[in-house]
Number of protein chains: 2
Amino acid sequence: MNRILVAEDEDRIASFVSKGLRAAGFTPTVVDDGVSALDYASSGEFDLLVLDIGLPGLDGFEVLKRLRANRSTLPVIILTARQSITDTVAGLEGGADDYMSKPFRFEELLARIRLRLREDPREPELTVLTHGALALDLRSRRAAVEGRTVELSAREFALAETFVRHPGQVLSREQLLSHVWGYDFDPGSNVVDVYVRYLRKKLGVQWFETVRGMGYRLVEVA
Amino acid sequence: MNRILVAEDEDRIASFVSKGLRAAGFTPTVVDDGVSALDYASSGEFDLLVLDIGLPGLDGFEVLKRLRANRSTLPVIILTARQSITDTVAGLEGGADDYMSKPFRFEELLARIRLRLREDPREPELTVLTHGALALDLRSRRAAVEGRTVELSAREFALAETFVRHPGQVLSREQLLSHVWGYDFDPGSNVVDVYVRYLRKKLGVQWFETVRGMGYRLVEVA
DNA sequence: TGGGCAGATGAGAACTCTCTCATCCGGCTC
DNA sequence: GAGCCGGATGAGAGAGTTCTCATCTGCCCA
């Protein structure tokens, strides 16, 4: 349950997605045109399809349509153009299970993939992440340190979530930028530093270790 | 699949919830102490339990614990005190299926109840609401009118959602206030008027009809 | 026809959020 | 030990959001 087909023709996005998926333990395969997408998706070798709408050859809608016409129940998450609700509606009506509109944060795509691949969808979605005395309530966007509740802004929360999902692992600024800010953010910025500082201030300095020249790391709990 | 047990001792909230549930087509029953809650919940007469943590007699945790000890699989949504993530974690670990922290917007509770009662949880959650040429993307908080995409703020979106979920129905300011702003908002405010104006400006005046002395109504589509 | 009242509207205060920029600090290297 | 460089920090600009308030408008009824 971890073979994922990524149909996306923009190199930058395809690589962003496939790298991230691999790091998260999935086995991604990338194709960059509609015909191959349909072909591979029909092979039965995949557990989920991430499908860009704007594919050359056969567009995403067409791929989806033919796939469903062949009675495939493969879960499909479509990537729709920036801001196009029309595409979203059409895609969902055309049999997509979910969608992401570009530009998206990788963590969000990951959450949706996990949701679609979950063995028992009846099982409650994990909405509170914990790491030692640190707890993140994914729904209310609030955090708690040793019982004390802390309000986090959207960005602060997304960053904290990324750390908690990769405890003990050194995360580079680039990784954090692409996971939290999206794939098309200015890599020269020092936002990451600034937001790590915000988190340190709100959650306590002891959680976030600086690894000089490398990035930051959420300290592991004993 | 529509009999809901509400265990809540604060009158104001109990009535807010039960009224809303009735209006949404459910059949709510209210109890105001832990012993009755456990009693009724064990009867097999209900499809879901909305359980306040701070109940007199037996508190919510205890009710939940005993319920699960008796092998009941009744879906339970707990209501936790303002900001207490600790309660939330304890509740979910104690076998709750979901939670709401007070003060909550009614529409949100409703969404969670619907989710838990859905026949086939595998079926994609409805994430785009439409009403004629009006579409609301619940996830990206964007709306579309005849293909044109419009950005809405959180409040604007919640208000629009309420209208679209009750098309053609006159909604009083009080109803809108409690649904969109929560149950403890100053009833003397004219925020509703102001936000209806914002929606008219962004989505078009034709959608929102003023019913003098009564409230507002989303016009039905031909 | 005039007054009153419900609703519409304009303006703006308070606040939050996000990000940039300039400067400071301190460890590492030579 | 000096200088450099990565990172920490403080400050603030700019944008967006939410809500209040005062005023305007126009419908309805006496």
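Provided above is the structure to which this section pertains.
Note that the coordinates shown come from a computational prediction; the quantities given were computed from them, not determined experimentally.

Asks: Would you explain the protein's contact with DNA strand C in this entry?
Replies: Inspection of the region around DNA strand C gives 24 residues, with S153(A), W181(A), Y198(A), R197(B) and Y216(B) positioned closest. Taken together, the sugar and phosphate atoms account for 76% of what DNA strand C places within 4 Å of the protein. One of the side-chain nitrogen or oxygen atoms of S189(A) is found 2.6 Å away from a phosphate oxygen of DNA strand C. In this structure, a base nitrogen belonging to DNA strand C sits 3.3 Å away from a side-chain N or O atom of R212(A). Elements that contribute at least two residues to the surface near DNA strand C include exactly α6 (154-165) and α8 (191-203) of chain A together with α8 (191-203) and β11 (208-211) of chain B. A total of four residues in the surface near DNA strand C trace back to one element, the largest contributor, which is α8(A). Within the surface near DNA strand C, the residues separate by chemical class into ten nonpolar, six polar and eight charged.

Asks: Would you explain the interface of chain B and chain A in this entry?
Replies: One frequently used descriptor of interface size is the decrease in accessible area upon assembly of the parts. Facing 30 residues of chain B, the contacting portion of chain A comprises 30 residues. Summed over both partners, the interface of chain B with chain A comes to about 2400 Å²; 48% of that surface belongs to carbon and sulfur atoms. Between chain B and chain A we count two salt bridges in total. Here R139(B) and D98(A) are joined by a salt bridge, their closest N and O atoms 2.5 Å apart. Here chain B is connected to chain A by eight residue pairs in polar contact (both at pLDDT 80 or more). Among the elements of the structure, α4 (85-93), β5 (98-101), α5 (106-117), β7 (134-137), β8 (142-145) and β9 (148-151) of chain B are those that each provide at least two residues to the side of chain B that touches chain A. Looking at the side of chain B that touches chain A, the element that brings in the most residues is α4(B), giving five residues. Looking at the side of chain B that touches chain A, its residues break down into eleven nonpolar, eight polar and eleven charged.

Asks: Honestly, the packing of helix α1 (residues 11-23) of chain A against helix α5 (residues 106-117) of chain A in this entry has me stumped. Any pointers?
Replies: A pair of packed helices is characterised by two quantities: the angle between their axes and the separation of those axes. Residues and elements named next belong to chain A. Taken N-terminus to C-terminus, the directions of α1 and α5 make an angle of 60°; their axes are 11 Å apart at the nearest point. What the angle tells us is that α1 and α5 run oblique. When the axes of α1 and α5 are compared, the crossing they make is right-handed. Together, F16, V17, G20 and L21 of α1 and F106, L109, L110 and I113 of α5 make up the contact between the two elements. Looking at the contact of α1 with α5 residue by residue, the classes come out as seven nonpolar, one polar and no charged.

Rules used throughout
Residues numbered from 1 in each chain as written. Chains lettered and ligands numbered in written order. Predicted model: local features only at pLDDT ≥ 70, side-chain atom pairs only at ≥ 80, totals over all residues. Heavy atoms only, no water. Near = heavy atom within 4 Å. Polar contact = N/O pair within 3.5 Å; in protein donor to acceptor, adjacent residues only side chain to side chain. Helix = DSSP H or I, 4+ residues; strand = E, 2+ residues; numbered from the N terminus. Nonpolar A, V, L, I, M, F, W, Y, C, P; charged D, E, K, R; others polar. Contact = heavy atoms within 4.5 Å. Buried area = accessible area lost by both parts, 1.4 Å probe. Salt bridge = Lys/Arg side-chain N within 4 Å of Asp/Glu carboxyl O. Axes fitted to C-alpha atoms, helices over the stretch in contact; angles between N-to-C directions. Parallel < 35°, antiparallel > 145°, perpendicular 65-115°, else oblique. Left-handed = near helix turned anticlockwise from the far one by under 90°.

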